[in-house]
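# Fold and contact review
Read off the chains here:
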Amino acid sequence: MRSWLSDSVIAGVTAAVLLLAAMPGAAQAPAYRAPRTADGKPNLNGIWQALNTADWDLQGHAAAKGPVPLLGAVFAVPPGLGVVDGEEIPYLPAAVAKKKANQANWTMLDPEAKCYLPGVPRATYLPYPFQIVQSQQNILISYEYAGAVRVINMGAPTKAPGDSWMGWSNGRWEGETLVVDVTSLMEDTWFDRAGNFHSDALHVVERYTPRSADTLNYEATIEDPKVFSRPWKISMPLYRHVEKDAKLLEYKCVEFAEELLYGSLRKKSSN
Amino acid sequence: MSRRFLALTAALAAVILIAPLAQSPAAGQATTASAAKAWTLPHTPDGKPDLQGIWSDNTLTPFERPKSLGSKEFYTDQELAELTRRVREGRQGEQVEGAELGAANPQAIRYDLEVYGFDRTKLRYTSKRTSLIVGPEGVVPPMLPQARERNAAMAAKVKGHEFDGPEQRSLSERCILLNQIRIPMTPAANEGNLLQIVQGPGYVSLLHEIDHSTRVIPTDGRPHVPQNIRLWQGDSVGHWEGNTLVVDTTNFTSLSAYRGSSDKLHLVERFTRAADDTMTYQFTVDDPTTWAKPWTAEIPWTKTKGPVYEWACHEGNTMISTILHGARVEEEAAQKKGK
């Protein structure tokens, strides 16, 4: 009986998989045409947020004990399937050791713990919302975390005047997709709390594609010949904050990082 | 080409930026009568007045009126030309009454103007006003006794503990709230002090170059966030009155005082595009726990060129650790000496 049931289930599932595979385009999301802005571009305006654990680790990971035992289950590592296409991050052999060292000393080294500007793409999937303000010449993205901000130039591409934490962004439309080329990123940012890192040769190409009224698909292709053997890609949906009067609030985290950064320099109490 | 002057505050040391290349204001001359060309207010694709661009509030006009001018609210063209000439021909550091020299102010000079490219010959007035504060007084009203007491009590708490830990240092040093980015926005002692405006449907975003301070202001008539949510820069909501963007801000913290105000501060800012290269920025501050009456200032902004640089203050802040470390070293030396 049991064997018959499982055989049937397997057969059914196999048939369904074959059927799906045979249907053209079934594996891809159906083409979605986004509402337009007054000047005819896909309208990306809104407050968005990733709902995943990519900031904990871009790669798939099981739940784990948090770094501060006193916080119990409040600050344990939540599990996640990962957002890296093909799962593997193609580190050059020489870079693997640094990634491991970063991870081992994560709480002391992570720029997020220090409230430093997060860089791209990490700003997108930090566990805080961000807002897209879309104009013709520029698209401004304001991130709640650390008050980070970037202005994407939608005109003729311009060259960065220097390296910066959030990089230099030139954007263009490819059909439904906003494509942003990000260069001149500083080496000081990380990709996640698992210590995944890059060098100052980082080049990121982001793709924001509306996939329904309240979701976008976000992809970032990451290229850094000093750290990785080939370009690799992350992808995830972003969700719109649909609640009434949704608003970014201040998360000026400097004051939350001061104990970590300066605690050892405090005046010792004289008693 | 002049270089843009970066910052005169002590936070300079913390800024991760090379001295940027320059953008001298695109055109300050538009206010002269000869430039009175027909100009129509541009609109965004969704029909709102278009305030977008990069703006500078740099001006020679002082915030408060010099006492000697009494209730004189405006200069004549001749007086303004004479003042401008004296500023431009003056030596570095030479004070001119009726002119806010910023970096060239004797008290403010900590850096060689040559090094920072602050060009005294480019300084100019942006209106005929004798002070940015409008009205017959032209100064901030006297502080109420209760406000003096409140501020004195706050200062007393820190006295003797200035170097104990980061919390006793100023918000500006800590890169939490730099003096130049506090709202209302007033000219800072540097040549640029850039503000970039980007508008989307239902929102106007204001990006202040200094410390990348950004406000995304909804213009859909929504109320403020609940009163118990207090924010360093307050909660801003906006609406359009004709061609003017009106922004109302409340919910400040008790620590983000503006000129000694309390968390009861209520700020109303008005942005009106006056010409292709000029925006009139007017603000009224009201705080009945600090001043007997509201007061208003008006600042013309001039359109300028980018780029707006990333001003990462906290990321390069070596000041707090250096100051605290210095204090610990001194304490240790004093202790050894005492033994």
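It should be noted that the structure appears before, not after, this text.
Notes on the structure follow. (Residues numbered from 1 in each chain as written. Chains lettered and ligands numbered in written order. Predicted model: local features only at pLDDT ≥ 70, side-chain atom pairs only at ≥ 80, totals over all residues.)

With that settled, consider the overall build of chain B. If you tally the helices and strands in chain B, you get 4 helices and 9 strands. Seen in sequence order, chain B has helices and strands lined up from the N terminus as β-α-α-α-β-β-β-β-β-β-β-β-α. Sequence separation of at least 24 residues holds for 65% of the intrachain contacts in chain B that already meet a minimum separation of 6. (Helix = DSSP H or I, 4+ residues; strand = E, 2+ residues; numbered from the N terminus. Contact = placed C-beta atoms within 7 Å.)

Next up on the list: the overall build of chain A. Within chain A one finds 5 helices and 11 strands. Classification of the 271 residues of chain A by burial places 34% in the buried group. Sequence-distant contacts in chain A: of pairs separated by 6 or more residues, those separated by 24 or more amount to 59%. (Buried ≥ 20, exposed ≤ 12 C-beta atoms within 10 Å, placed from the backbone.)

Contact with chain B, which involves 43 residues of that partner, is made by 36 residues of chain A. Counting residues per element, the ones that place at least two in the side of chain B that touches chain A are β2 (194-200), β3 (203-208), β4 (213-218) and α4 (319-338) of chain B. Ranked by the residues each element gives to the side of chain B that touches chain A, the list is headed by α4(B), at 5 residues. Considered class by class, the residues forming the side of chain B that touches chain A number 23 nonpolar, 13 polar and 7 charged. (Nonpolar A, V, L, I, M, F, W, Y, C, P; charged D, E, K, R; others polar.)

This part is about the sheet that holds strand β5 (residues 235-241) of chain B. Pairing between the strands of a sheet is mediated by backbone hydrogen bonds and can be parallel or antiparallel. All names here are of chain B. Judged by pairing direction, the sheet is antiparallel, and its 9 strands sit side by side in the order β4-β3-β2-β1-β9-β8-β7-β6-β5 without closing on themselves. Because the sheet does not close on itself, it has two edges, and the strands there are β4 and β5. When strand polarity is set aside, the average angle formed by the axes of neighbouring strands in this sheet is 25 degrees. One ladder, built from 6 bridges, connects β3 with β4; its direction is antiparallel. Each bridged residue has a counterpart across the sheet, and for Val204 the counterpart in β4 is Ile217. (Pairing = 2+ DSSP bridges. Axes fitted to C-alpha atoms, helices over the stretch in contact; angles between N-to-C directions.)

Quick look at α4(B) now. The end-to-end C-alpha separation of α4(B) is 28 Å, in line with the 28 Å expected for 20 residues at 1.5 Å each. With 2 of 20 residues buried, α4(B) is to be regarded as a mostly surface element. (Expected span 1.5 Å × (residues − 1).)

Attention now moves to unusual backbone geometry. For the bond running from Val120(A) to Pro121(A), omega is 10 degrees, close enough to zero to count as cis. The topology assignment puts Pro121(A) in the loop between α3 (106-109) and α4 (122-125). Unusually for a residue other than glycine, Cys115(A) sits at a positive phi of about 65 degrees. Phi angles above zero are rare outside glycine, and Cys175(B) is one such case at about 60 degrees. The topology assignment puts Cys175(B) in the loop between α3 (145-158) and β2.

With that settled, the discussion passes to the pairing of β2(B). Residues and elements named next belong to chain B. Of all the 7 residues making up β2, 7 are buried; the element is thus mostly covered by neighbouring parts of the structure. Neither face of β2 is exposed, since Leu194, Gln196, Val198 and Gly200 on one face and Leu195, Ile197 and Gln199 on the opposite face are all buried. Pairing of strand β1 (residues 53-56) with β2, which is carried by 4 bridges, proceeds in the antiparallel orientation. Across the sheet, residue Ser56 finds its bridge partner in β2, namely Leu194. Sheet topology note: the β2/β3 ladder contains 6 bridges and is antiparallel. Bridge pairing in β3 links Gly200 to Tyr203. The loop that links β2 with its antiparallel partner β3 comprises 2 residues; one of these, Gly202, has a positive phi angle of about 80 degrees.

So, about the environment of Leu265(B). Residues and elements named next belong to chain B. Mapped onto the fold, Leu265 is located in the loop between β6 (244-250) and β7 (266-275). By C-beta crowding, Leu265 is classed as buried, having 24 other C-beta atoms within 10 Å. Each C-alpha atom, one on Leu265 and one on Glu100, is 26 Å from the other, the two residues being 165 residues apart in sequence. Leu265 has contacts with Phe252, Tyr258, Val285 and Asp287, leaving out every residue within four places of it along the chain.

Residue and element names in this part refer to chain B. Across the 6 residues that make up β3, a large majority, 6, are buried. Burial along β3 is two-sided: the face carrying Tyr203, Ser205 and Leu207 and the face carrying Val204, Leu206 and His208 are both buried. Where β3 folds back onto β4 in an antiparallel hairpin, the turn is made up of 4 residues, including Asp211, whose phi is positive at roughly 55 degrees.

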